[in-house]
Amino acid sequence: MQRYRHDRLRPRRGVPARDHPRRRQTGRGARGRQRGAGADGERPSHHRHRADALLPHGRVLRLPLHHRRPSVRAGVHDAGARGTVGDHGGRVVKAVDVLIVGAGPAGLSAAAVTGAAGLSTLVIDEQAAPGGQIWRAAEAVGADPVRHAALGSSYRGAMAAIAIARQHARFATESEVVDVSPDRDVLWFDKTARTLHQTRARAILVATGAMERPVPFPGWTLPGVTGVGALQIALKQGGMVPDGPVVLAGQGPLLLLVAQQLAAFGVPIAATLDVASAFPSRTALGALPGAIGADPGLVAKGAALAARRFLSGSAYRDIRDLEAVGAGRIEAVRFRAAGETVTIPTTRLAVHDGVIPNTQLTRLLGLAHRWIDGQAAFAPQVDADGLSSRENVWVAGDGAGIGGAERAAAQGAATARAICRALGTIPAAGDAPRGTGARTFVDRLYAPLPVSHFAADDTLLCRCESVTFGDVRRVIADGATGPNRVKTATRCGMGPCQGRICGANLTRLVAEETGRAPRDVGALRIRPPLKPLLLADYATLAATDSA
């Protein structure tokens with residue numbers, strides 16, 4: 001049997017790579033073969049930018065962005081002040097002053113500032129239209145009376161922000177970043193045209209926002225079980241509503257907001273299962289005066305949403321032992337409340353435990369990160385202007401720490417002004433972002449649940465690779481004391497999402513099992529491509545460059 005290095009699989013003749021008997025090595029033998037491994041079982045950072053693809057017959061196709069880079073001739077087409085990449089209406093852009101990743105409140109406000117200051121600005125976003133998660137499909141919602149009536153209050157300021165940003169920046173919608181080189185060459189993929197492009201930026205602003213924290217529990221992968229955020233996406237994107245009563249479980253402002261939005265669409269809420277106790281903790285009450293002083297309107301809105309939901313008569317408090325039950329899909333939800341076991345028939349369960357910064361791209365960039373106790377998550381380490389640990393790479397909005405849409409927009413504009421000054425341009429004056437008093441109160445009121453609060457040993461932690469909590473605990477007991485060593489031993493985080501779903505929970509589980517602080521445990525390393533691509537897609541870079 002042939003041996004393989006950590007970065008190159010060499011299967012036996014006739015054995016597919018995925019079925020190779022040494023593919024799932026665990027313990028000291030697997031880790032021992034990683035020559036030159038770092039403290040947590042991974043190769044040193046100078047290997048981080050390799051983008052090797054394993055062909056079906058076992059050969060390795062090397063596609064390192066930084067060592068064999070094609071000539072930079074492809075890019076975006078300037079379609080005029082209000083145009084987008086898809087319009088193909090003008091000259092090809094080889095480089096830009098500012099490249100912004102994310103077209104939510106932070107990215108839009110930043111684009112308006114840098115563009116107005118005369119800096120060429122490109123905004124890349126995965127969605128079909130600007131708006132981000134909070135303002136998803138804003139222009140379509142504004143044109144739909146039904147959706148606007150139910151969701152309009154969540155889109156305050158969206159249309160103006162989008163319109164101003166369109167005047168000053170180019171947009172590459174339905175596009176995603178694949179890799180970024182040390183000299184800020186950004187490799188990005190147009191999902192509509194299925195073409196790969198490369199654009200060099202003098203400055204990069206990461207405004208990738210937040211993602212919903214996954215909540216593992218028995219049955220959480222059954223069809224019909226989603227995050228509360230996924231239900232809201234369906235409402236915003238196409239006005240799609242569940243075809244029956246919904247059970248909502250968890251905690252946080254988004255859960256209360258989505259309950260109100262579902263009711264506005266006429267969707268019945270079978271029950272709300274709140275994991276929090278009936279009375280706020282002392283630490284939460286201690287932060288209440290600061291929250292009222294910082295944003296009294298937000299506090300009043302949250303209190304009204306909570307009162308409306310819990311006066312409806314269908315709410316359970318302080319639930320335990322949450323479980324989705326069903327054969328092939330969810331048929332009921334079972335839990336304990338007030339010392340009794342309760343079973344509620346349902347075909348739709350939505351769960352929520354807050355949101356966390358989306359750090360996939362900032363990890364790929366190799367930025368320094370800090371652990372935020374109140375949000376139980378890592379976030380990039382930035383200064384007061386949003387500058388990261390890497391030269392001319394900036395981070396703003398919820399991707400730098402959860403603060404909400406209004407604060408994200410203010411941060412985006414403030415960071416954009418700092419970028420203008422760094423690039424030798426004088427920006428228009430603007431206000432500084434408000435303080436974080438309201439967010440501190442929310443974090444304490446809805447303190448994140450322990451990662452194994454509902455999970456049993458046979459509960460899946462990594463959905464992509466079917467790795468359970470028990471699998472991870474066993475390899476930790478065998479000596480895999482960091483997320484990347486657990487990844488090597490179990491394949492947790494090796495699936496198509498690259499740990500986007502399980503990574504934060506893996507850090508917390510390792511910390512829980514080893515008795516260390518999450519900041520000391522660290523996080524999974526992210527490698528290019530950031531999102532899965534076909535090998536044929538890489539060929540389009542050379543094709544577009546020669547066009």
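Owing to the predicted nature of the structure, the values given are computational and were not obtained by experimental measurement.

A. Layout of the environment of Leu 460. For Leu 460, the position within the fold is in strand 24 (residues 460-462). Taking C-alpha positions, Leu 460 is 9.2 Å from Asp 471, a pair spaced 11 residues apart along the chain.

B. Quick look at the pattern of salt bridges. Scanning the model with the defined rule gives 17 salt bridges in all. The shortest N-O distance in the salt bridge between Asp 183 and Arg 200 comes to 3.0 Å. Separated by 17 residues along the polypeptide, Asp 183 in the loop between strand 8 (175-180) and strand 9 (185-190) and Arg 200 in strand 10 (residues 195-206) bring together distant segments of the chain. Close ionic contact of Arg 519 with Asp 373 constitutes a salt bridge, the shortest N to O distance being 3.3 Å.

C. Region of interest: the sheet that holds strand 14 (residues 269-274). Across the sheet, which stays open at both edges, the five strands sit in the order 12-19-13-14-15 with parallel pairing between neighbours. What marks the edges here is a single partner per strand, and that holds for strand 12 (225-227) and strand 15 (315-316). As defined by bridge partners, strand 13 (residues 246-251) adjoins strand 14 across five bridges and the pair is classed as parallel. By the bridge assignment, Ala 249 is partnered in strand 14 with Leu 273. Its contacts with the sheet put helix 6 (residues 228-238) on strand 12, strand 13 and strand 19 (349-353), and the angle it makes with strand 12 is roughly 85°. Its contacts with the sheet put helix 7 (residues 253-264) on strand 13, strand 14 and strand 19, and the angle it makes with strand 13 is roughly 160°.

D. Up close: the pairing of strand 16 (residues 320-325). Sheet analysis places strand 16 next to strand 17 (residues 332-337), joined by four bridges and oriented antiparallel. Bridge pairing in strand 17 places Arg 320 opposite Arg 336. As consecutive antiparallel partners, strand 16 and strand 17 are separated by six residues, and within that stretch Gly 328 has a phi angle of approximately 90°, a positive value.

Reading the values: rules and limits
Residues numbered from 1 in each chain as written. Predicted model: local features only at pLDDT ≥ 70, side-chain atom pairs only at ≥ 80, totals over all residues. Heavy atoms only, no water. Helix = DSSP H or I, 4+ residues; strand = E, 2+ residues; numbered from the N terminus. Salt bridge = Lys/Arg side-chain N within 4 Å of Asp/Glu carboxyl O. Pairing = 2+ DSSP bridges. Contact = heavy atoms within 4.5 Å. Axes fitted to C-alpha atoms, helices over the stretch in contact; angles between N-to-C directions.

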